[in-house]
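An overview of the molecular structure
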Amino acid sequence: MSSLFKERKEMLLGFKALRSNKKAPQFTGEIPDGLYEKCPSCEKTMLKEDIVEHSFVCPHCNHHFRLRAAERLQLTVDPGTFKELMSSAKSGNPLEMPGYEEKLQRDRSKTGQNEAVVTGFGRIGGYPYAIAVMDSYFLMGSMGAVVGEKITALTEAATKRKLPLIIFCTSGGARMQEGILSLMQMAKTSAAIGRHNQEGLLYIAVLTHPTTGGVSASFAMLGDITLAEPDALIGFAGPRVIEQTIKQTLPEGFQRSEFLQERGFVDKVVNRNDLKETIIKLSRLHGMEAKG
Amino acid sequence: MSLPEMEKQIKGLQQQMAQITMDTPADEKLRLELSTLIANIKKDAYERLTPGDKVYLARHPLRPNAKYYIDTLFEDFTELHGDRLYGDDQSIMGGIGTFDGKPVTVIAQMKGKTLEENLVHNFGMPHPEGYRKVIRLARQAEKFGRPIINIIDTPGAYPGIGAEERGQAEAIAQCLMQFMELKVPVIAIVIGEGGSGGALALSISDHIMMLEHSIYSVLSPEGFASILWKDSARAGEAAQLMKLTAQDLKEFGIVDSVIKEPVGGIHSWPDFTTTQIREKLTEELEKLAAQKTSLLLQNRYKKFRAIGVE
Ligand SMILES: [Zn+2]
C-alpha cells in the first residue's frame, strides 16, 4: 500500500517537473517521509507535493520549511549548470574534541554531503554566479575550518574570474568543536569578501532561517544586497543567550527578517517563491549578461 | 592545587606571619621559613598552571585593565569619543597618543576595576556603536598615516536587545573586512580575555601578541561546558579541551608572540611585562613601517587566509 503511494507520488512529481520543465526536487529535509505533511506553523495537514510545488513553503500560512542544500540548488540554479567545487573536502578533528568525529560521520550519512556548505559555479536564469549554499542539517550549518575554506576559495575564484557571488546563509554560528580555528574563519571569509568587493563585483547574501553567530557576524552581513526569507531568525547572539543575559523575555518578532528590514539591516524580505525572479532581476539591474 | 586554592593557602600563611610581632631570633627564623614556603608554593603553582588557572588569571580582579597599558605605554593620550552614527560606547576607549615619540592610534576594550566602573564600561562588552567607533578611529588613523594599536580584553560582544536592533553582527563583520584593508600597520595585544567574535573584531592585524596568561576562545569555557555537558560548572574541564591559552594559539599560528608574565601573574610585577611589550612594539612597528603598503596588506591577508588549512 505504501509503495503504491510512493509510486503515485513519484509519478506526480515527475509530471509536475515535466510541466514546469525542471527537475523535480528529490530531497526532503524538514519534510519526513510520507505522503502528507503537517505544517509546524499553522498545523494544517496537506499533501507533501503541494508544499514541494510551492518551493517548500506552506501554501496556507507561508511557513518556509528549512531546505537542504540540494533542494536549494534545485530551486535556484538552472538545471544542469551547477559544477561543484571541493565536494570531497572533509573536516578533521584538529582539537581532538571527544564525540566530534561521530557527529560528523552521522551528518555525512544523514545529508550525503561531506560538509555544511556546498559551493560551485552555476547559472541563475542564465546569469553565471559563484554559488554557496549552506545546509543547517549538517551540524546546524556551523562554520569550521572546511566551511570557511570552501567559502573563501569560492570567493577568491569568483574574484579571479570576475563573477558575481551569491551565498545562501544558514548557520548556528562558529563550530565550537573546532574552537579558535572556527572563530578565525570569520576573519578569513570576510577578508575574501573584501577583495571581491574591491574588484567592484556583486555579492548577494541571502539570509535564511537561522543565520546567527559567527556567520552572521562575517560574510552574511557583508553583501552589496542582503535578501532574507520571511520570518528567518537572524542575529548575532542567540535569543536564549540574550534572555539569560537581560533576564526578560524577548518581544514577538525580535531578530526576525522583517525586524531586520525595519531596522535597516536587510534590503528586502523575499518570499521563496519569488526569490529566483528577484535574483534574476537584480542581475539584470547590475548589467550582467545572461548566457545559454 | 588550583590557583584560587593556592591563593587561599598563601593568605592563611600570610596571616600567620602577621601574628609574629616579636623580633627574637626564633621569630626571625619562623618569619623567614614562612616567606620561603609562600614563595615556593607560588613558584610551584605557576610552573604547572592548567588552562583553567589561566582562565582565572586572565579574569583576575587585580589584573591591569586596558587603561593601565594606555597610561604606561603611551604619552599624551587624547581620548576621542563616539561613532558619529549613534553614540559613544565606553566599553571601547580610543584615541591618539605617542609611542617612542611618534603618533599612534590606540583602540582598547575597557573592563572596569570596580562595579561602578564596570557599569560605565559595560564589563568590557561592546555594543555595535563601539565597533563602529573602532572603524571610525581606524579610518582616521589611516588618513593620517598613524599605526594602530588594538588592546583586546572582553568577555565578548554584548548580547542584548539594543545591540541586536543596532546590528551587532553587521558592526563586527565590518570591522573584520575593513581592518583587512587598512593601509597602516596594525598591532593587536591580548591582555586578558579574548572572547569570541567580540574580540576577533579587534584582532585583524599584522602582528598579534598575547600575554602569557591571557586567553582567547570561540566562546567562554562556561558557555562551552553548558553546551557540551549542559553544566557550566564544568568550565575547568572545558578550558582543558578548548586550547585557549596563549601557548596553544602560538602553536596554531594565530598569535605571533607571547609576552612573558612574572611568577604571580602580571599584577604582581607589571613592569616585568610592560617592558617587554614596549620592546616588542618598537621592534614590530619598525619592521612594519619599512614594508610597502601592498606587501603589508598581502601579508595580513595571507596570515588569516592560512588559518585552518592543512
Ligand atoms: Zn502552514
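Computed from a predicted model, the values in this text were never measured in an experiment.

What counts and how
- Residues numbered from 1 in each chain as written.
- Chains lettered and ligands numbered in written order.
- Predicted model: local features only at pLDDT ≥ 70, side-chain atom pairs only at ≥ 80, totals over all residues.
- Helix = DSSP H or I, 4+ residues; strand = E, 2+ residues; numbered from the N terminus.
- Buried ≥ 20, exposed ≤ 12 C-beta atoms within 10 Å, placed from the backbone.
- Contact = placed C-beta atoms within 7 Å.
- Core = buried A, V, L, I, M, F, W, Y, C linked by C-beta atoms within 7 Å.
- pLDDT = per-residue confidence, 0-100.
- Expected span 1.5 Å × (residues − 1).
- Axes fitted to C-alpha atoms, helices over the stretch in contact; angles between N-to-C directions.
- Parallel < 35°, antiparallel > 145°, perpendicular 65-115°, else oblique.
- Left-handed = near helix turned anticlockwise from the far one by under 90°.
- Nonpolar A, V, L, I, M, F, W, Y, C, P; charged D, E, K, R; others polar.

1. Overview of the overall build of chain A
When its secondary structure is counted, chain A shows 10 helices and 10 strands. Buried residues in chain A amount to 47% of all 292 residues. Within chain A, contacts between residues separated by at least 24 positions form 69% of all contacts whose residues are at least 6 apart in sequence.

2. A few points about the interface of chain A and chain B
Taken together, the contacts link 38 residues of chain A with 39 residues of chain B. Contributions of two or more residues to the side of chain A that touches chain B are made by α5 (145-160), α6 (179-198), α7 (213-216) and α8 (239-246) of chain A. Looking at the side of chain A that touches chain B, the element that brings in the most residues is α6 of chain A, giving 14 residues.

3. Side note on the nonpolar core
V134, I172, L176 and M210 of chain B are the most contacted members of the largest nonpolar core, which totals 148 residues. Here M210 of chain B is in contact with V190, Y216, A246, L249, V255, V258 and I259 of chain B, once residues within four sequence places are set aside. Ranked by size, the runner-up nonpolar core spans seven residues in total, among them V57, C58, F65 and L67 of chain A.

4. A word on the confidence of the model for chain B
Model confidence for chain B is summarised by a mean pLDDT of 95, while 100% of its residues fall at 70 or above. Overall fold confidence for the complex sits at a pTM of 0.92, while the interface term, ipTM, reaches 0.94.

5. Looking at α5 of chain A
Look at α5 of chain A: 22 Å from first C-alpha to last across 16 residues, which is about the 22 Å you get at 1.5 Å a residue. Among the 16 residues that make up α5 of chain A, 12 are buried, leaving the element largely enclosed by the rest of the structure. The complete set of buried residues in α5 of chain A reads A145, V146, V147, G148, E149, K150, I151, T152, L154, T155, A158 and T159 of chain A. In this fold, the buried residues of α5 of chain A make contact with β3 (83-85), β4 (117-124), β5 (127-134), β6 (165-171) and α6 of chain A together with α14 (293-305) of chain B.

6. Points about the packing of helix α6 (residues 128-143) of chain B against helix α8 (residues 168-181) of chain B
Residues and elements named next belong to chain B. Following both chains from N to C, one finds α6 and α8 inclined at 20°, their axes separated by 8 Å at the closest point. In terms of orientation, α6 and α8 fall into the roughly parallel class. Where α6 crosses over α8, the two elements pack in a sense that is left-handed. Across the interface between the two elements, P128, Y131, R132, V134, I135 and A138 of α6 pack against Q168, A171, I172, Q174, C175, Q178 and F179 of α8. Grouping the amino acids of the contact of α6 with α8 by side-chain chemistry returns nine nonpolar, three polar and one charged.

7. A few points about the environment of V186 of chain B
Residues and elements named next belong to chain B. Relative to the helices and strands, V186 is located in strand β5 (residues 186-195). The spacing of V186 and I204 is 18 residues in sequence and 7.7 Å in space, taken between C-alpha atoms. If we skip the residues at most four places from it in the chain, V186 touches I148, N150, F179, I204, S205 and D206.

8. Some words on the confidence of the model for chain A
Considering every residue of chain A, the mean pLDDT works out to 90; 89% of them sit at 70 or more. Below pLDDT 50 for its whole length, residues 1-27 of chain A participates in 22 contacts with residues either more than four positions away or in separate chains.

9. Considerations on unusual backbone geometry
Most peptide bonds are trans, and most residues other than glycine sit at a negative phi. All names here are of chain A. A cis geometry characterises the amide bond from H209 onward to P210, with omega recorded as -15°. Of note, the phi angle at K162 is positive, near 55°, even though the residue is not glycine. With respect to the helices, strands and loops of the structure, K162 is situated in the loop between α5 and β6. Taking the C-beta count within 10 Å as the criterion, K162 has 11 such neighbours and is therefore assigned exposed. Phi at Q255 is positive, roughly 65°, even though this residue is not glycine. Along the chain, the position of Q255 falls in the loop between α8 and α9 (257-263).

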